[in-house]
Amino acid sequence: MIQQFSRIKCLAIIAAMNSMTLPCVLMRAGTSRGPFFLRDWLPADEARRDEVLIGAIGASDLLQVDGVGGGSTLTSKVAIVSRSNEPGCDVDYLFAQVGVGTNSVDTRPNCGNMLSGVAPFAIEQGLVAAQAGETTVRVFNVNTKSRIDVTVLTPGGRVVYEGSTGIDGVAGTAAPIRLNFLDAWGAVTGSVFPTGQRIDVIDGLQVTCIDAAMPLVILRAADLGLSGRESPADLDADRALLARIEAVRCIAGERMGLGDVRHSVVPKPVIASAGDDGDSITSRYFTPRRCHASHAVTGAIGVAAAFALPGTVASSAACRTGTRPVAVLHPQGRIDVEVVLAGPAGDTRIERAALVRTARKILQGELHIPAYVFSTPTDGDKPMKHLIAPALAAASLAVAAPAALAFPTKTITIVVPTAAGGGNDAMARTIAQKLGPLLGQTIIVDNRAGANGSIASEFVARATPDGHTLMLGYIATHAMNPALQKLRYDPVADFEPIGLVGYSPTLMVASGKAPIKDVKDLVAQLKAKPDLYAYASAGNGTAPHYAAELFKLSAGVEMLGVPYKGAAPAVSDTIGGQTQVMFPSLFTAVPHVKAGKLKALAIAGPKRSPLLPDVPTLKEVGVEGVEVQQWYGFFAPAKTPKAIVEQLNKALNQVLNDKEIIKRIEDHGADVEASTPEQFGALVKSELVRWKAVVQRAKLTAD
């Protein structure tokens, strides 16, 4: 009995050592509620951080009685705030959706309601100095890589929460908080209309796929036999309707470049119908498999954008440019959105969108995280294994040291340095579908476009080197961009090569809307009128940039370069005619060429492609020296254990030996080629030397 009591006492000691206490501010923000943390308050390791968030919310059970959650997705939200390194931004905001009854944390979606609490929280925590009267905080949303100006009232240099502004779905009134979304248009997929069309037909239904603050697939209520005014409970009770909407959503997700979205919460489905007047629209917003009790803020902006822009299933009868008020009517009232449109009638675009929310600080103090949520013991954020043994010895228990955990032990993230919908993204998602089951873990694809791949590369270079954060790198991130300019990561020293995936030649294409017959015609036109056309690239330092500049040098012509945040938006604008020429990879371009949206002019490589046998090489048409063969491969952070690298290489090569995977990749114009980590590492080093020489010869700059 004494020995059993000692064991119980010892286990209690271990549990106490494994618990964690950290600062926390609980806020109601818009129609949501959740804890707000400074990033420094949380563990640096993402897996440990997610365990803390699960414990904070009490995600393990549906009622969330052991945390601060409220048994609903609207009250299972977390905001993580820190000073921003983004130029012109004050703070970074990372939103996390925590599970209800499931131990899950998803940082892929965004939440505009929680955003309304970020500025008050940042000011009170000393990240931003309060101004007299009101303070505007520029927030960088890490989830969508977009900027939002948030304005709060700060009379006397302090945040006030009391006021007379009411929002539907929240009792009482509070001080107004203005959210002004500056560049959330196409932030997730790279294009406002990521399918290239404003109306698609899916399962016999006309839908609009739009990415404006939140990726949405919008359906007309009448097409579903609905009035559009049904209650959320009635819609949730119609299982056949929900199944049909989900089927449409999954197909839309593929077309939007988001891949397999069965286990993702985006895109969100919306059922739209007429509003009460010419400046309102009725919306039923799904989260995505249940109807929202009111409406998400980001979703409201997307619906308002679809209403204000012409040619969508939700367009208003009178589309006009300038500032336009739009009321999004939802089950608990309305959200008033101010949309600003510009441009000619045929090319109307969104410049910004703004709305008003409120927030209230509920409590501030210490949050206690229970021991059972942690996979390993902790001392704050440090492993406690060195304290467990003495505690057990004191209790006279012989306990063997725990065996080392096998890899992988949690979800694996593949970071893609380009926007969703591009060739790199498609390749990563294709491989992830087979790699996950082989490794026995879920794999998610995290698109971190921007800075020509530097954002993603820096993120992975600084990630925990345990094999759970990987990167699909390519010629731009690990050779071309580093050859062009000094970066905050070293393409060799900061990474462990895992293995090569394959190669894809570069294809020279023209917009179907441009009067360009062939390469010779293009050269003649440009020599007669320099800068007549503009070329799009996935950013300076990427393969499309290098190929275009080498073409200009070899052909003796001038073209204006327009850099984008990845290949997907660059291709989209070339299809639309905003730019007229591009040099994407064959992998990226082939689907658009076959669909007749792009005109293939030439292969920027040593030989013709079997997929486009009638398309000549640039050398064949008289332009020499433009051979840009793109390559792709997987990397892990430096110092990832060799055993894990070898395990990943073995699994990757097994995937690349799969006939289905080979066909899917080759059908897009890439050649699959596997390697050892050592072979891939040697390729990276040799390519870095090669492109540094090209930079000097062509006198390229990052500007």
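For the structure, check the block above.
Residues numbered from 1 in each chain as written. Predicted model: local features only at pLDDT ≥ 70, side-chain atom pairs only at ≥ 80, totals over all residues. Heavy atoms only, no water.

### Structural notes on the overall build of the chain
Counting its secondary structure elements, the chain contains 18 helices and 29 strands. Relative to the globule expectation of 27 Å for 703 residues, the C-alpha radius of gyration of the chain, 27 Å, shows essentially globular dimensions. Oriented by its inertia axes, the alpha-carbon framework of the chain measures out at about 90 × 70 × 55 Å. The buried share of the chain, taken over its 703 residues, is 57%. A fraction of 69% describes how many contacts in the chain between residues 6 or more apart in sequence connect residues 24 or more apart. Accessible area of the chain: about 28,300 Å², with a carbon and sulfur share of 53%. (Helix = DSSP H or I, 4+ residues; strand = E, 2+ residues; numbered from the N terminus. Rg over C-alpha atoms; globule rule 2.2 N^0.38 Å. Buried < 20%, exposed > 50% of the residue type's maximum accessible area, 1.4 Å probe, protein only. Contact = heavy atoms within 4.5 Å. Areas by Shrake-Rupley, 256 points an atom, 1.4 Å probe, with all protein chains shown as cover.)

### A short note on the packing of aromatic side chains
The description of two aromatic rings rests on the distance between their centres and on the angle between their planes. Per the stated rule, a full pass over the model turns up nine aromatic pairs. Look at Phe36 and Phe121: their rings are 5.7 Å apart centre to centre, the planes differ by 50 degrees, and that puts the pair in the tilted class. Here Phe36, found in strand S2 (residues 32–38), pairs with Phe121, found in helix H4 (residues 118–124); they are 85 residues apart in sequence, far enough to count as distant. As far as burial versus exposure is concerned, Phe36 and Phe121 are alike and both buried. Among the aromatic residues, ring-to-ring pairing joins Tyr489, Phe495, Trp631, Phe635 and Phe680 into one connected group. Here the guanidinium or amino end of Arg448 rests over the ring plane of Phe459, the centre of that ring lying 3.7 Å away. (Phe/Tyr/Trp six-rings, centres within 6.5 Å; stacked < 30°, edge-to-face > 60°. Lys NZ or Arg CZ within 6 Å of the ring centre and 35° of its normal.)

### Description of the packing of helix H9 (residues 423–439) against helix H16 (residues 642–655)
Between H9 and H16, the least distance of the axes is 9 Å, while the angle of their chain directions is 130 degrees. Of the possible angle classes, the one that applies to H9 and H16 is oblique. Note that H9 runs across H16; the crossing there is right-handed. Facing Ile431, Lys434, Leu435, Leu438 and Leu439 of H9, the residues of H16 in contact are Gln647, Leu648, Ala651, Leu652, Gln654 and Val655. For the contact of H9 with H16, the per-class residue count stands at eight nonpolar, two polar and one charged. (Axes fitted to C-alpha atoms, helices over the stretch in contact; angles between N-to-C directions. Parallel < 35°, antiparallel > 145°, perpendicular 65-115°, else oblique. Left-handed = near helix turned anticlockwise from the far one by under 90°. Nonpolar A, V, L, I, M, F, W, Y, C, P; charged D, E, K, R; others polar.)

### Considering H9
Structurally, the α-helix is built with 3.6 residues per turn, so residues lying three or four positions apart point the same way. For H9, with 17 residues, the first-to-last C-alpha span of 24 Å sits near the 24 Å given by 1.5 Å per residue. Burial within H9 is extensive, with 12 of its 17 residues counted as buried. Every buried residue of H9 is accounted for by Gly423, Asn424, Asp425, Met427, Ala428, Arg429, Thr430, Ile431, Ala432, Leu435, Gly436 and Leu439. Of the residues one or two after H9, Gly440 is the one with positive phi, at around 75 degrees. (Expected span 1.5 Å × (residues − 1).)

### Thoughts on the state of the cysteines
Between two cysteines, a covalent bond joining their sulfur atoms is known as a disulfide. If you walk through the whole model with that rule in mind, you get zero disulfides. A disulfide-free cysteine, Cys24 has its sulfur positioned 16 Å from the sulfur of Cys111, the nearest such atom. In this structure Cys24 comes out as buried when scored by relative accessible area, which is 5%. Sulfur of Cys89: no disulfide; nearest cysteine sulfur belongs to Cys111 and is 19 Å away. (Disulfide = S-S within 2.5 Å.)

### Examining the pairing of strand S8 (residues 177–181)
For a regular strand, the rule is simple: side chains alternate between the two faces of the sheet. Taking burial as the measure, the five residues of S8 include four buried ones, the bulk of the element. As paired elements, strand S7 (residues 146–154) and S8 share four bridges and run antiparallel to each other. Looking at the pairing, Asp149 lines up with Asn180 of S8. When S8 meets strand S16 (residues 349–357), the two strands line up antiparallel, connected through five bridges. From the neighbouring strand, Ile177 faces S16, where its bridge partner is Arg357. (Pairing = 2+ DSSP bridges.)

### Concerning the side chain of Thr135
Inspection of the secondary structure assignment puts Thr135 in strand S6 (residues 133–141). By relative accessible area, which is 1% here, Thr135 ends up buried. A distance of 2.7 Å separates a polar side-chain atom of Thr135 from the backbone nitrogen of Gln131. Among the polar contacts listed, one links the side chain of Thr135 to the side chain of Thr154, at a separation of 2.8 Å. Excluding residues within four positions of it along the chain, Thr135 makes contact with Ile123, Val128, Ala129, Ala130, Val150, Thr151, Val152 and Thr154. (Polar contact = N/O pair within 3.5 Å; in protein donor to acceptor, adjacent residues only side chain to side chain.)

### Focus: the environment of Ala213
Here Ala213 lies in the loop between strand S10 (205–211) and strand S11 (215–220). Placed 140 residues apart in sequence, Ala213 and Ala353 show a C-alpha to C-alpha distance of 9.4 Å. With near-sequence residues (within four places) excluded, Ala213 lies in contact with Asn110, Ala184, Trp185, Thr298 and Ile301.

### Things to note about the nonpolar core
One finds Met508, Phe551, Leu618, Trp631 and Trp691 to be the most contacted residues of the largest nonpolar core, which totals 84 residues. Sequence-distant contacts of Trp631, that is, excluding residues within four places in its chain, are made with Gly473, Tyr474, Ile475, His478, Ala479, Leu500, Gly502, Tyr503, Phe680, Leu683, Val684 and Glu687. (Core = buried A, V, L, I, M, F, W, Y, C linked by side-chain atoms within 4.5 Å.)

### A look at the pairing of strand S27 (residues 598–604)
The buried fraction of S27 amounts to five of the seven residues, a majority that puts the element mostly inside the structure. Note: strand S23 (residues 495–511) against S27, six bridges, orientation antiparallel. Bridging from a neighbouring strand, Ala510 pairs with Lys599 of S27.

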